[in-house]
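The residues making up each chain are set out below.
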Amino acid sequence: MQWEQLLSLRKHGDKNKRLRAEENETRLGFEVDYDRVIFSSAFRSLQDKTQVIPFSKTSFVHTRLTHSLEVSVVGRSLGRAVGKAILKKHPHLEKAHGYQFNDFGAIVAAAALAHDIGNPPFGHSGEKAIGDYFLNGNGKRFRDMLTEKEYQDLVDFEGNANGFKILTESKNGVEGGLRLTYATLGAFMKYPKESLPKRPTDHVADKKYGVFQSDLAFFNDVISELGLLSRNNGDGFARHPLTYLVEAADDICYTIIDFEDGINLGLIEEEIALEYLINLVRNTLKKDVYSRLTTSQNRLAYLRSLAINTLISEATTIFIENEEAILNGTFSEALLDKSQYKVQVDDIIKISVEKVYQSTEVREKEIAGYTILTTLLEAFTTASENQHNGQARHYDKLLLKMLASDHSSTQSVYEYLMECCSYISRLTDGNALQIFQKIKGNL
(Lines give C-alpha, C1' and ligand atoms only; values in the text may rest on other atoms or scores of the structure.)
Protein backbone atom coordinates (compact mmCIF):
# COMPACT_ATOMS: atom_id res chain seq x y z
CA MET A 1 0.00 0.00 0.00
CA GLN A 2 1.13 3.54 -0.75
CA TRP A 3 0.80 6.51 1.60
CA GLU A 4 -0.16 8.77 -1.32
CA GLN A 5 -3.33 6.73 -1.80
CA LEU A 6 -3.92 6.02 1.88
CA LEU A 7 -4.07 9.77 2.64
CA SER A 8 -6.82 10.39 0.09
CA LEU A 9 -8.89 13.54 0.58
CA ARG A 10 -11.64 12.25 -1.71
CA LYS A 11 -15.24 12.39 -0.44
CA HIS A 12 -18.42 10.76 -1.69
CA GLY A 13 -19.61 12.40 -4.89
CA ASP A 14 -16.30 14.06 -5.80
CA LYS A 15 -15.73 14.29 -9.54
CA ASN A 16 -12.21 15.69 -9.37
CA LYS A 17 -9.22 14.60 -7.33
CA ARG A 18 -8.61 16.60 -4.15
CA LEU A 19 -4.95 17.55 -3.78
CA ARG A 20 -3.37 18.21 -0.39
CA ALA A 21 -1.33 21.09 -1.73
CA GLU A 22 -4.54 22.89 -2.73
CA GLU A 23 -6.30 22.47 0.62
CA ASN A 24 -7.37 25.48 2.67
CA GLU A 25 -4.99 25.36 5.65
CA THR A 26 -7.55 27.05 7.91
CA ARG A 27 -10.12 24.32 7.24
CA LEU A 28 -8.33 21.19 6.14
CA GLY A 29 -10.47 18.32 4.84
CA PHE A 30 -9.35 15.92 7.57
CA GLU A 31 -10.24 18.50 10.22
CA VAL A 32 -13.65 19.00 8.61
CA ASP A 33 -14.18 15.25 9.20
CA TYR A 34 -13.75 15.79 12.93
CA ASP A 35 -16.23 18.68 12.90
CA ARG A 36 -18.84 16.69 11.01
CA VAL A 37 -18.63 13.78 13.43
CA ILE A 38 -18.79 15.90 16.56
CA PHE A 39 -21.84 17.87 15.33
CA SER A 40 -23.74 14.75 14.22
CA SER A 41 -26.77 13.52 16.15
CA ALA A 42 -25.31 10.00 16.20
CA PHE A 43 -22.27 11.29 18.08
CA ARG A 44 -24.33 13.33 20.53
CA SER A 45 -26.35 10.25 21.40
CA LEU A 46 -23.18 8.69 22.85
CA GLN A 47 -23.62 10.91 25.93
CA ASP A 48 -26.37 8.50 27.04
CA LYS A 49 -24.82 5.22 25.94
CA THR A 50 -23.03 2.80 28.20
CA GLN A 51 -19.26 2.60 28.34
CA VAL A 52 -19.03 0.27 31.34
CA ILE A 53 -21.82 1.03 33.84
CA PRO A 54 -25.34 1.35 32.34
CA PHE A 55 -27.61 4.05 33.80
CA SER A 56 -24.90 5.15 36.23
CA LYS A 57 -25.88 8.07 38.47
CA THR A 58 -22.33 9.24 39.17
CA SER A 59 -20.41 11.76 37.09
CA PHE A 60 -17.21 9.82 37.71
CA VAL A 61 -18.21 7.16 35.20
CA HIS A 62 -17.46 7.52 31.50
CA THR A 63 -20.14 7.37 28.86
CA ARG A 64 -19.41 6.42 25.26
CA LEU A 65 -19.15 10.14 24.51
CA THR A 66 -16.48 11.00 27.08
CA HIS A 67 -14.65 7.79 26.19
CA SER A 68 -14.71 8.69 22.48
CA LEU A 69 -13.41 12.20 23.15
CA GLU A 70 -10.52 10.81 25.19
CA VAL A 71 -9.71 8.18 22.55
CA SER A 72 -9.66 10.96 19.97
CA VAL A 73 -7.19 13.03 22.01
CA VAL A 74 -4.87 10.04 22.45
CA GLY A 75 -5.30 9.16 18.76
CA ARG A 76 -4.33 12.67 17.69
CA SER A 77 -1.10 12.43 19.70
CA LEU A 78 -0.34 9.01 18.21
CA GLY A 79 -1.06 10.24 14.68
CA ARG A 80 1.15 13.30 15.01
CA ALA A 81 4.05 11.32 16.46
CA VAL A 82 3.82 8.71 13.71
CA GLY A 83 3.31 11.42 11.08
CA LYS A 84 6.59 13.10 11.98
CA ALA A 85 8.45 9.82 11.57
CA ILE A 86 6.67 8.92 8.31
CA LEU A 87 7.44 12.28 6.69
CA LYS A 88 11.05 11.99 7.75
CA LYS A 89 11.23 8.52 6.18
CA HIS A 90 9.20 9.49 3.07
CA PRO A 91 10.04 13.19 2.50
CA HIS A 92 8.32 13.26 -0.92
CA LEU A 93 4.95 13.13 0.88
CA GLU A 94 5.62 16.63 2.14
CA LYS A 95 7.74 18.03 -0.67
CA ALA A 96 5.73 16.72 -3.62
CA HIS A 97 2.24 16.42 -2.14
CA GLY A 98 2.16 18.92 0.72
CA TYR A 99 1.21 16.56 3.57
CA GLN A 100 2.05 17.71 7.11
CA PHE A 101 2.53 15.61 10.24
CA ASN A 102 -0.63 17.15 11.70
CA ASP A 103 -2.61 15.53 8.84
CA PHE A 104 -1.92 12.11 10.34
CA GLY A 105 -3.10 13.34 13.71
CA ALA A 106 -6.27 14.83 12.22
CA ILE A 107 -7.18 11.60 10.40
CA VAL A 108 -6.65 9.42 13.47
CA ALA A 109 -8.45 11.91 15.73
CA ALA A 110 -11.54 11.96 13.48
CA ALA A 111 -11.64 8.18 13.04
CA ALA A 112 -11.11 7.68 16.78
CA LEU A 113 -13.86 10.16 17.59
CA ALA A 114 -16.26 8.05 15.50
CA HIS A 115 -14.98 4.63 16.55
CA ASP A 116 -17.98 3.82 18.80
CA ILE A 117 -20.66 5.69 16.85
CA GLY A 118 -22.32 2.45 15.72
CA ASN A 119 -22.61 0.84 19.14
CA PRO A 120 -26.21 0.06 20.19
CA PRO A 121 -27.61 0.84 23.66
CA PHE A 122 -26.17 -1.04 26.66
CA GLY A 123 -22.67 -1.52 25.30
CA HIS A 124 -21.44 -4.81 23.89
CA SER A 125 -24.31 -6.63 25.58
CA GLY A 126 -26.57 -4.64 23.22
CA GLU A 127 -24.82 -6.18 20.22
CA LYS A 128 -25.23 -9.62 21.76
CA ALA A 129 -28.93 -8.99 22.50
CA ILE A 130 -29.63 -8.09 18.85
CA GLY A 131 -27.69 -11.10 17.57
CA ASP A 132 -29.32 -13.47 20.05
CA TYR A 133 -32.81 -12.36 19.00
CA PHE A 134 -32.14 -13.50 15.42
CA LEU A 135 -30.13 -16.59 16.33
CA ASN A 136 -32.14 -18.03 19.21
CA GLY A 137 -35.17 -15.79 19.66
CA ASN A 138 -38.27 -15.15 17.59
CA GLY A 139 -36.12 -13.47 14.94
CA LYS A 140 -34.91 -16.84 13.67
CA ARG A 141 -38.21 -17.05 11.77
CA PHE A 142 -36.50 -14.91 9.12
CA ARG A 143 -33.64 -17.35 8.53
CA ASP A 144 -34.97 -18.93 5.34
CA MET A 145 -35.83 -15.53 3.84
CA LEU A 146 -32.20 -14.32 3.86
CA THR A 147 -28.90 -15.22 2.24
CA GLU A 148 -26.20 -16.67 4.48
CA LYS A 149 -24.33 -13.37 4.67
CA GLU A 150 -27.49 -11.35 5.30
CA TYR A 151 -28.46 -13.64 8.16
CA GLN A 152 -24.91 -13.52 9.56
CA ASP A 153 -25.08 -9.70 9.59
CA LEU A 154 -28.03 -10.04 11.97
CA VAL A 155 -26.95 -12.91 14.23
CA ASP A 156 -23.51 -11.31 14.63
CA PHE A 157 -24.75 -7.71 14.69
CA GLU A 158 -21.59 -5.63 14.78
CA GLY A 159 -21.17 -2.07 16.01
CA ASN A 160 -18.21 -1.46 13.70
CA ALA A 161 -20.24 -2.32 10.59
CA ASN A 162 -23.13 -0.26 11.93
CA GLY A 163 -20.73 2.65 12.43
CA PHE A 164 -19.69 2.48 8.79
CA LYS A 165 -23.39 2.54 7.84
CA ILE A 166 -24.07 5.61 10.00
CA LEU A 167 -21.07 7.50 8.62
CA THR A 168 -21.77 6.73 4.96
CA GLU A 169 -25.48 6.00 4.49
CA SER A 170 -27.44 8.29 2.17
CA LYS A 171 -30.58 9.30 4.03
CA ASN A 172 -33.31 11.93 3.83
CA GLY A 173 -31.84 13.40 0.65
CA VAL A 174 -28.29 13.64 2.06
CA GLU A 175 -25.96 11.64 -0.18
CA GLY A 176 -22.93 9.91 1.31
CA GLY A 177 -23.84 10.32 4.97
CA LEU A 178 -21.39 12.65 6.73
CA ARG A 179 -19.21 12.79 3.59
CA LEU A 180 -15.96 12.12 5.38
CA THR A 181 -12.67 11.82 3.52
CA TYR A 182 -11.86 8.30 2.40
CA ALA A 183 -8.65 8.43 4.46
CA THR A 184 -10.69 8.89 7.64
CA LEU A 185 -13.19 6.19 6.61
CA GLY A 186 -10.29 3.83 5.95
CA ALA A 187 -8.74 4.53 9.34
CA PHE A 188 -12.15 3.92 10.93
CA MET A 189 -12.51 0.41 9.44
CA LYS A 190 -10.94 -1.92 12.03
CA TYR A 191 -12.25 -5.05 10.33
CA PRO A 192 -12.39 -4.52 6.53
CA LYS A 193 -14.34 -7.66 5.68
CA GLU A 194 -17.88 -9.01 5.40
CA SER A 195 -19.55 -11.10 8.12
CA LEU A 196 -18.63 -14.34 6.34
CA PRO A 197 -16.30 -16.14 6.45
CA LYS A 198 -16.21 -15.71 10.21
CA ARG A 199 -12.69 -15.37 11.65
CA PRO A 200 -10.95 -17.11 8.73
CA THR A 201 -7.52 -16.43 10.29
CA ASP A 202 -5.99 -15.20 13.55
CA HIS A 203 -5.10 -11.87 11.92
CA VAL A 204 -6.41 -8.98 14.02
CA ALA A 205 -8.34 -7.65 10.99
CA ASP A 206 -10.38 -10.89 10.92
CA LYS A 207 -11.48 -10.76 14.56
CA LYS A 208 -14.86 -9.24 13.64
CA TYR A 209 -16.34 -7.68 10.52
CA GLY A 210 -16.84 -4.12 9.34
CA VAL A 211 -19.52 -3.88 6.65
CA PHE A 212 -23.12 -5.01 6.20
CA GLN A 213 -24.30 -6.44 2.88
CA SER A 214 -26.37 -3.29 2.38
CA ASP A 215 -23.27 -1.07 2.35
CA LEU A 216 -20.89 -3.08 0.15
CA ALA A 217 -20.93 -0.69 -2.82
CA PHE A 218 -19.63 2.29 -0.82
CA PHE A 219 -17.24 0.03 1.13
CA ASN A 220 -15.68 -1.30 -2.08
CA ASP A 221 -15.35 2.24 -3.44
CA VAL A 222 -13.37 3.26 -0.35
CA ILE A 223 -11.21 0.12 -0.57
CA SER A 224 -10.41 0.82 -4.23
CA GLU A 225 -9.59 4.50 -3.71
CA LEU A 226 -7.23 3.77 -0.81
CA GLY A 227 -5.58 0.78 -2.47
CA LEU A 228 -6.14 -1.56 0.48
CA LEU A 229 -4.67 -4.97 -0.31
CA SER A 230 -6.87 -8.02 -0.80
CA ARG A 231 -6.50 -10.81 1.79
CA ASN A 232 -7.86 -14.36 2.19
CA ASN A 233 -8.49 -14.81 -1.54
CA GLY A 234 -10.69 -11.75 -1.68
CA ASP A 235 -12.66 -12.46 1.50
CA GLY A 236 -11.14 -9.47 3.28
CA PHE A 237 -8.68 -6.61 2.99
CA ALA A 238 -5.60 -5.31 4.76
CA ARG A 239 -6.24 -2.58 7.29
CA HIS A 240 -5.51 1.04 6.58
CA PRO A 241 -2.24 1.55 8.52
CA LEU A 242 -3.69 4.37 10.64
CA THR A 243 -6.38 1.95 11.88
CA TYR A 244 -3.71 0.44 14.11
CA LEU A 245 -3.34 3.82 15.80
CA VAL A 246 -7.10 4.21 16.28
CA GLU A 247 -7.16 0.76 17.85
CA ALA A 248 -4.18 1.55 20.07
CA ALA A 249 -5.82 4.77 21.29
CA ASP A 250 -8.95 2.82 22.20
CA ASP A 251 -6.92 0.10 23.92
CA ILE A 252 -4.98 2.66 25.93
CA CYS A 253 -8.09 4.50 27.08
CA TYR A 254 -10.26 1.58 28.04
CA THR A 255 -7.33 -0.11 29.81
CA ILE A 256 -6.50 2.91 31.95
CA ILE A 257 -9.78 4.84 32.13
CA ASP A 258 -12.11 1.88 32.79
CA PHE A 259 -9.68 0.90 35.55
CA GLU A 260 -9.96 4.42 36.95
CA ASP A 261 -13.77 4.22 36.82
CA GLY A 262 -13.59 1.03 38.85
CA ILE A 263 -11.50 2.80 41.48
CA ASN A 264 -13.82 5.82 41.66
CA LEU A 265 -16.84 3.53 42.02
CA GLY A 266 -15.20 1.68 44.88
CA LEU A 267 -15.11 -1.59 42.92
CA ILE A 268 -11.30 -1.69 42.93
CA GLU A 269 -9.32 -0.97 46.10
CA GLU A 270 -7.17 2.15 45.76
CA GLU A 271 -4.03 0.67 47.26
CA ILE A 272 -4.11 -2.30 44.90
CA ALA A 273 -4.95 -0.10 41.92
CA LEU A 274 -2.11 2.34 42.51
CA GLU A 275 0.34 -0.55 42.74
CA TYR A 276 -0.79 -1.95 39.38
CA LEU A 277 -0.36 1.46 37.72
CA ILE A 278 3.06 1.93 39.32
CA ASN A 279 4.11 -1.43 37.82
CA LEU A 280 3.22 -0.07 34.39
CA VAL A 281 5.11 3.23 34.72
CA ARG A 282 7.97 2.18 36.99
CA ASN A 283 10.59 3.08 34.35
CA THR A 284 9.35 6.67 33.97
CA LEU A 285 7.98 7.38 37.45
CA LYS A 286 9.55 10.42 39.12
CA LYS A 287 9.58 9.36 42.74
CA ASP A 288 10.22 12.86 44.09
CA VAL A 289 7.13 14.18 42.26
CA TYR A 290 4.98 11.24 43.29
CA SER A 291 6.02 11.49 46.96
CA ARG A 292 4.80 15.10 47.13
CA LEU A 293 1.25 14.14 46.09
CA THR A 294 -0.81 14.01 49.28
CA THR A 295 -4.18 12.64 48.10
CA SER A 296 -5.02 9.38 46.39
CA GLN A 297 -6.96 11.32 43.75
CA ASN A 298 -3.86 13.32 42.78
CA ARG A 299 -1.69 10.22 42.82
CA LEU A 300 -4.17 8.42 40.59
CA ALA A 301 -4.32 11.36 38.14
CA TYR A 302 -0.51 11.51 37.96
CA LEU A 303 -0.17 7.76 37.36
CA ARG A 304 -2.98 7.77 34.78
CA SER A 305 -1.31 10.57 32.81
CA LEU A 306 2.06 8.85 32.99
CA ALA A 307 0.57 5.51 31.94
CA ILE A 308 -1.16 7.00 28.91
CA ASN A 309 1.99 8.84 27.81
CA THR A 310 4.05 5.69 28.29
CA LEU A 311 1.71 3.63 26.10
CA ILE A 312 1.49 6.36 23.44
CA SER A 313 5.27 6.36 23.14
CA GLU A 314 5.33 2.55 23.06
CA ALA A 315 2.64 2.26 20.36
CA THR A 316 4.40 4.89 18.23
CA THR A 317 7.69 3.00 18.39
CA ILE A 318 6.07 -0.32 17.51
CA PHE A 319 4.26 1.23 14.53
CA ILE A 320 7.40 2.80 13.08
CA GLU A 321 9.45 -0.36 13.59
CA ASN A 322 6.80 -2.39 11.74
CA GLU A 323 5.76 0.13 9.08
CA GLU A 324 6.84 -2.09 6.18
CA ALA A 325 4.85 -5.09 7.44
CA ILE A 326 1.84 -2.85 8.12
CA LEU A 327 1.96 -1.45 4.56
CA ASN A 328 2.28 -5.00 3.19
CA GLY A 329 -0.75 -6.15 5.18
CA THR A 330 1.26 -8.80 7.03
CA PHE A 331 1.31 -7.19 10.49
CA SER A 332 -1.27 -9.38 12.23
CA GLU A 333 -1.51 -8.10 15.82
CA ALA A 334 -2.71 -5.04 17.67
CA LEU A 335 0.21 -2.72 18.40
CA LEU A 336 0.02 -3.13 22.17
CA ASP A 337 0.06 -6.92 21.84
CA LYS A 338 3.75 -6.50 20.93
CA SER A 339 4.41 -4.07 23.78
CA GLN A 340 7.05 -4.61 26.44
CA TYR A 341 4.29 -3.63 28.87
CA LYS A 342 1.83 -6.31 27.73
CA VAL A 343 2.01 -8.23 31.01
CA GLN A 344 1.26 -5.10 33.06
CA VAL A 345 -1.58 -4.09 30.71
CA ASP A 346 -3.06 -7.60 30.85
CA ASP A 347 -2.92 -7.51 34.66
CA ILE A 348 -4.88 -4.23 34.72
CA ILE A 349 -7.47 -5.55 32.25
CA LYS A 350 -7.86 -8.75 34.31
CA ILE A 351 -8.68 -6.74 37.42
CA SER A 352 -11.15 -4.58 35.47
CA VAL A 353 -12.89 -7.69 34.13
CA GLU A 354 -13.19 -9.28 37.56
CA LYS A 355 -14.09 -6.19 39.57
CA VAL A 356 -15.92 -3.94 37.07
CA TYR A 357 -17.18 -5.67 33.91
CA GLN A 358 -18.47 -8.66 35.91
CA SER A 359 -19.73 -6.69 38.88
CA THR A 360 -23.28 -7.23 40.12
CA GLU A 361 -24.34 -3.75 39.02
CA VAL A 362 -23.14 -4.30 35.46
CA ARG A 363 -24.62 -7.82 35.19
CA GLU A 364 -28.04 -6.79 36.48
CA LYS A 365 -28.31 -3.84 34.11
CA GLU A 366 -27.12 -5.90 31.15
CA ILE A 367 -29.94 -8.35 31.90
CA ALA A 368 -32.42 -5.46 31.85
CA GLY A 369 -30.88 -4.25 28.58
CA TYR A 370 -31.37 -7.68 27.00
CA THR A 371 -35.07 -7.64 27.90
CA ILE A 372 -35.53 -4.08 26.64
CA LEU A 373 -33.86 -4.64 23.26
CA THR A 374 -35.54 -8.01 22.67
CA THR A 375 -38.94 -6.40 23.29
CA LEU A 376 -38.17 -3.54 20.89
CA LEU A 377 -36.90 -5.91 18.19
CA GLU A 378 -40.00 -8.09 18.42
CA ALA A 379 -42.32 -5.07 18.21
CA PHE A 380 -40.61 -3.34 15.26
CA THR A 381 -39.77 -6.45 13.21
CA THR A 382 -43.34 -7.72 13.57
CA ALA A 383 -44.75 -4.35 12.50
CA SER A 384 -42.38 -4.25 9.50
CA GLU A 385 -43.18 -7.85 8.60
CA ASN A 386 -46.93 -7.20 8.69
CA GLN A 387 -46.47 -4.05 6.57
CA HIS A 388 -44.36 -5.98 4.07
CA ASN A 389 -47.07 -8.69 3.81
CA GLY A 390 -49.91 -6.16 3.47
CA GLN A 391 -51.31 -7.08 6.90
CA ALA A 392 -50.33 -4.03 8.94
CA ARG A 393 -52.56 -3.27 11.92
CA HIS A 394 -53.17 0.22 13.27
CA TYR A 395 -50.70 -0.59 16.07
CA ASP A 396 -48.05 -1.60 13.49
CA LYS A 397 -48.49 1.68 11.62
CA LEU A 398 -48.07 3.66 14.82
CA LEU A 399 -44.78 1.87 15.51
CA LEU A 400 -43.53 2.27 11.95
CA LYS A 401 -43.97 6.05 12.11
CA MET A 402 -41.19 6.03 14.70
CA LEU A 403 -38.79 4.57 12.12
CA ALA A 404 -39.22 7.67 9.91
CA SER A 405 -39.17 5.50 6.79
CA ASP A 406 -41.37 5.29 3.73
CA HIS A 407 -41.62 1.49 4.24
CA SER A 408 -41.59 0.88 0.50
CA SER A 409 -43.32 -2.28 -0.67
CA THR A 410 -40.19 -3.00 -2.73
CA GLN A 411 -38.07 -3.41 0.40
CA SER A 412 -36.57 -6.86 0.84
CA VAL A 413 -36.85 -8.73 4.14
CA TYR A 414 -33.19 -7.98 4.80
CA GLU A 415 -33.71 -4.27 4.14
CA TYR A 416 -36.60 -3.85 6.54
CA LEU A 417 -34.88 -5.93 9.23
CA MET A 418 -31.73 -3.82 8.92
CA GLU A 419 -33.87 -0.70 9.12
CA CYS A 420 -35.31 -1.94 12.43
CA CYS A 421 -31.87 -2.81 13.80
CA SER A 422 -30.43 0.51 12.61
CA TYR A 423 -33.20 2.46 14.35
CA ILE A 424 -32.82 0.54 17.61
CA SER A 425 -29.02 0.74 17.52
CA ARG A 426 -29.14 4.55 17.33
CA LEU A 427 -31.28 4.84 20.46
CA THR A 428 -29.63 5.94 23.68
CA ASP A 429 -29.96 3.77 26.78
CA GLY A 430 -32.59 6.18 28.10
CA ASN A 431 -34.54 6.34 24.81
CA ALA A 432 -34.63 2.56 24.60
CA LEU A 433 -35.97 2.34 28.15
CA GLN A 434 -38.65 4.97 27.45
CA ILE A 435 -39.91 3.23 24.29
CA PHE A 436 -39.88 -0.11 26.10
CA GLN A 437 -42.06 1.34 28.84
CA LYS A 438 -44.49 2.80 26.29
CA ILE A 439 -44.77 -0.53 24.48
CA LYS A 440 -45.55 -2.11 27.85
CA GLY A 441 -48.28 0.50 28.36
CA ASN A 442 -46.51 2.58 31.01
CA LEU A 443 -47.06 6.26 30.27
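Note that the structure is a prediction, hence the values are computed from the model and not measured.

Procedures and definitions
- Residues numbered from 1 in each chain as written.
- Predicted model: local features only at pLDDT ≥ 70, side-chain atom pairs only at ≥ 80, totals over all residues.
- Heavy atoms only, no water.
- Buried < 20%, exposed > 50% of the residue type's maximum accessible area, 1.4 Å probe, protein only.
- Helix = DSSP H or I, 4+ residues; strand = E, 2+ residues; numbered from the N terminus.
- Contact = heavy atoms within 4.5 Å.
- Axes fitted to C-alpha atoms, helices over the stretch in contact; angles between N-to-C directions.
- Parallel < 35°, antiparallel > 145°, perpendicular 65-115°, else oblique.
- Left-handed = near helix turned anticlockwise from the far one by under 90°.
- Nonpolar A, V, L, I, M, F, W, Y, C, P; charged D, E, K, R; others polar.
- Salt bridge = Lys/Arg side-chain N within 4 Å of Asp/Glu carboxyl O.
- Polar contact = N/O pair within 3.5 Å; in protein donor to acceptor, adjacent residues only side chain to side chain.

Next up on the list: helix H21 (residues 429-439). Buried within H21 we find Asp-429, Gly-430, Ala-432, Ile-435 and Phe-436. Lining the buried residues of H21 we find helix H18 (360-388), helix H19 (394-402) and helix H20 (413-425). Within two residues after H21, Gly-441 carries a phi angle of roughly 90°, on the positive side.

Moving on to the packing of helix H13 (residues 270-281) against helix H15 (residues 296-321). Each packed pair of helices is defined by two parameters, the angle between the axes and the distance between the axes. At a minimum axis distance of 9 Å, the contact between H13 and H15 shows a crossing angle of 30°. Classified by the interaxial angle, the pair formed by H13 and H15 is roughly parallel. You can see that H13 and H15 cross each other, and the crossing is left-handed. Across from Glu-270, Leu-274, Leu-277, Ile-278, Leu-280 and Val-281 in H13, the residues of H15 making contact are Ser-296, Arg-299, Leu-300, Leu-303, Leu-306, Ala-307, Thr-310 and Leu-311. Looking at side-chain class alone, the contact of H13 with H15 contains 10 nonpolar, 2 polar and 2 charged residues.

Take the pattern of salt bridges next. With the rule as written, the count across this model stands at 23 salt bridges. Ionic pairing is found between Arg-426 and Glu-169, a salt bridge with its closest N-O pair at 3.1 Å. With Arg-426 in the loop between H20 and H21 and Glu-169 in the loop between helix H9 (159-168) and helix H10 (182-188), this residue pair connects regions lying 257 residues apart in the sequence. Accessibility expressed as a relative area gives 24% for Glu-169, which makes it partly exposed.

One can find Asp-14 in the loop between helix H1 (3-6) and helix H2 (29-38). Separated by 2.7 Å, the side chains of Asp-14 and Arg-18 make a polar contact. In this structure Asp-14 touches Leu-9 and Arg-179, once residues within four positions along its chain are discounted.

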